[in-house]
Amino acid sequence: MSLKSLTKPWQPMSYGFLDASAKRELRRKMLKSVAVPGCQMPYASREVPMARGWGTGGLQVSLTLLNPRLRVKVIDQGADDSVNAASIRRFLALVSGAPVTLDTLGADLIQSRHRIPEEIMREDQILVLQVPNPEPLRSVQPNMSIARQMHADADYGRMWLQLYEQIVRSGRVMQGAGYPSLVNGRHVMTPSPIPRWDVPKLNMAKHLSILSAGREKRIFAVPPFTRVEPLVFDDVPYRVEDHGGLTCSRSTAKGFFMNEIPQVDGSSTYEVSDSSYGVKTIQNREGDDVEFGETWYKDGEMTQ
Amino acid sequence: MTRVMDAPRIVTTKPLVVVRNVDKNYGSVQALRQVSALVYPGEVLGIVGESGSGKSTLLRMMNLEETPDSGTYTLDLPDVSGNLFELDRFARRMLCATRIGIVYQNPHHGLLMRHSSSGNVAERLLVAGERNFATLRAKAKSALAASEFPLERLDAPPIELSGGMQQRVQLAKAIALEPALLLLDEPTTGLDVSVQALVLDTLKRLQQERRITMVIVSHDLGVIRTVADRVMVMRRGEVVEAGLVDQIFQDPQHAYTQQLVHAKL
């Protein structure tokens, strides 16, 4: 018996970059996080060829889920064409051979930084959200040991204190992104820094959402058809950004979440944040045959 | 010898607080030794003693922040039973959040210094489950008014307030839920004499109006004499003497109490 017969042929890297044990651990932690919606599961975040804080958590989940038949889409704050989104997309394709797409409807796996696409996701799609800070209690309880006890006790009174302070100081809730939300009536999670506009999309959604923080080594999930309720006072209702009346200056799409583009004269124009939806709208206007999916919002109002 | 210092009382009712035979050691230091105490509904029990005598440790035990090596602690409340030292963490936290109020010597321990004063009071209501903003606001305002906090500074953070004001915010937070037991750990230490007098006046008024049962710890005999009905004198982790406030101050029996009273005089 030779040494050569006992070893595998040399390969530059494992399939999907991560080694089998890392993927096994991630799969187990994903299953756990699906079993207890919104509960943060610790995992040993591996090194990937990207700096921590740039989406390593989401990348590890995507690398674990990938196979050559899954079609991958990567978005960065709504855009498919940002440097970060393009780099991650190319890397995923390179290490897995998985086909890539820019279309929400054609994707099986969508890795996203801070946005949920405007078109409603299906049961067979998975959304992977990159999370910089998974601990919603961090701002009210800096001691993480006590924060974990508070999660165990469902002791979330202080989360409302944050909202109370914002209303007292500014007259309204100022939490713009990462709005704390109660998952399945039990665990409060930060839904990653998605805008308030996107939080209702998670409630009773058909798709599976996996949220992963590589730097903080935590995974949590919102399984399909799970309640996700933003924390609110009884007498202060939840409000999404007031973008319903805005029109995209490039695509003329209306009633979706917009990026504000400041102009030299002090005014602003707006572009639809979901670049894939904007491109499809332009293509449609130019006479191309484009398939649109149902959208979560219509004229700025949630449809479901 | 069991040191149950149940001093003579004018009105005899069932005690609200019963602490029995509590021992607590920190390594080789014996902080409490067979300490027992009874507190009756509506009365103010003062605990005096030199630094390191164990009075603050005993108060922290009553607030369930610490667990003794041995001993029992019961509260005579409708929905509370058994030895409270045996409660699990969650039950302890909920009991302290809803039925026991505490004012710490150092406001930094009891307040979120960068949140608003009304927010500090609201926090206690939120932990107890209140989720209506208007109700929170109204209750916080009412508690702060009761502790004679100037309402024009309702939303000022405690870090911008004087020591006396900070103690009033702590007091408002402690009484916001009408606790069955109010614990005060050196509430006037570090305040100048005129502010001390104002805080003590507020305490006395609250006690008279609401009949809140209080336990106040101080090394200042003047403070205890002003607000307490009964006094417990502690030294080196033991209760050396207890009795009605006039009895202790006018006719101290134990040599250490005599020393304390005379030093004060």
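As shown above, the structure is provided for reference.
It should be emphasised that the depicted structure is a prediction, and the values quoted were computed from it without experimental measurement.

1. Quick look at the overall build of chain B
Argument step 1. Helix and strand counts for chain B come out as ten helices and ten strands.
Argument step 2. Taken over the C-alpha trace, chain B has a radius of gyration of 18 Å; the compact-globule value for 265 residues is 18 Å, and the two agree within 12%.
Argument step 3. For chain B, the proportion of its 265 residues judged to be buried stands at 57%.
Argument step 4. Partitioning the intrachain contacts of chain B with sequence separation of at least 6 by distance along the chain shows that 67% fall at a separation of at least 24.
Argument step 5. When the accessible area of chain B is evaluated, it comes to approximately 11100 Å², of which 50% is carbon and sulfur surface.

2. Focus on the pairing of strand β11 (residues 268-272) of chain A
Residue and element names in this part refer to chain A.
Argument step 1. The sheet contact formed by strand β10 (residues 258-262) and β11 spans five bridges and is antiparallel. Following the sheet pairing, asparagine 259 is matched in β11 by glutamate 271.
Argument step 2. Between β10 and β11, which pair antiparallel in sequence order, lie five residues; one of them, glycine 266, sits at a positive phi of approximately 95°.

3. Focus on the pattern of salt bridges
All names here are of chain B.
Argument step 1. Counted according to the given criterion, the structure contains 35 salt bridges over all chains.
Argument step 2. One salt bridge connects arginine 137 with aspartate 155, and the closest N-O pair in it is separated by 2.7 Å. Separated by 18 residues along the polypeptide, arginine 137 in helix α5 (residues 133-146) and aspartate 155 in the loop between α5 and α6 (163-175) bring together distant segments of the chain.
Argument step 3. Arginine 137 gets classed as partly exposed once you look at its relative accessible area, which sits at 23%.
Argument step 4. On the basis of relative accessibility, which here comes to 28%, the residue aspartate 155 falls in the partly exposed class.

4. Some thoughts on the interface of chain A and chain B
Argument step 1. Taken together, the contact pairs 18 residues of chain A with 20 residues of chain B.
Argument step 2. Here chain A and chain B share an interface that buries about 1900 Å² over both sides, 57% of which is from carbon and sulfur atoms.
Argument step 3. Area buried by chain A at its contact with chain B is led by Asp153(A), Leu161(A) and Tyr164(A), which between them contribute 31% of it.
Argument step 4. Taken together, chain A and chain B are joined by four salt bridges.
Argument step 5. A salt bridge links Glu123(B) to Arg158(A), with the nearest nitrogen and oxygen atoms 2.6 Å apart.
Argument step 6. The set of elements that each furnish at least two residues to the side of chain A that touches chain B consists of α5 (144-152) and α6 (157-170) of chain A.
Argument step 7. Ranked by residues supplied to the side of chain A that touches chain B, first place goes to α6(A) with nine residues.

Conventions adopted
Residues numbered from 1 in each chain as written. Chains lettered and ligands numbered in written order. Predicted model: local features only at pLDDT ≥ 70, side-chain atom pairs only at ≥ 80, totals over all residues. Heavy atoms only, no water. Helix = DSSP H or I, 4+ residues; strand = E, 2+ residues; numbered from the N terminus. Rg over C-alpha atoms; globule rule 2.2 N^0.38 Å. Buried < 20%, exposed > 50% of the residue type's maximum accessible area, 1.4 Å probe, protein only. Contact = heavy atoms within 4.5 Å. Areas by Shrake-Rupley, 256 points an atom, 1.4 Å probe, with all protein chains shown as cover. Pairing = 2+ DSSP bridges. Salt bridge = Lys/Arg side-chain N within 4 Å of Asp/Glu carboxyl O. Buried area = accessible area lost by both parts, 1.4 Å probe.

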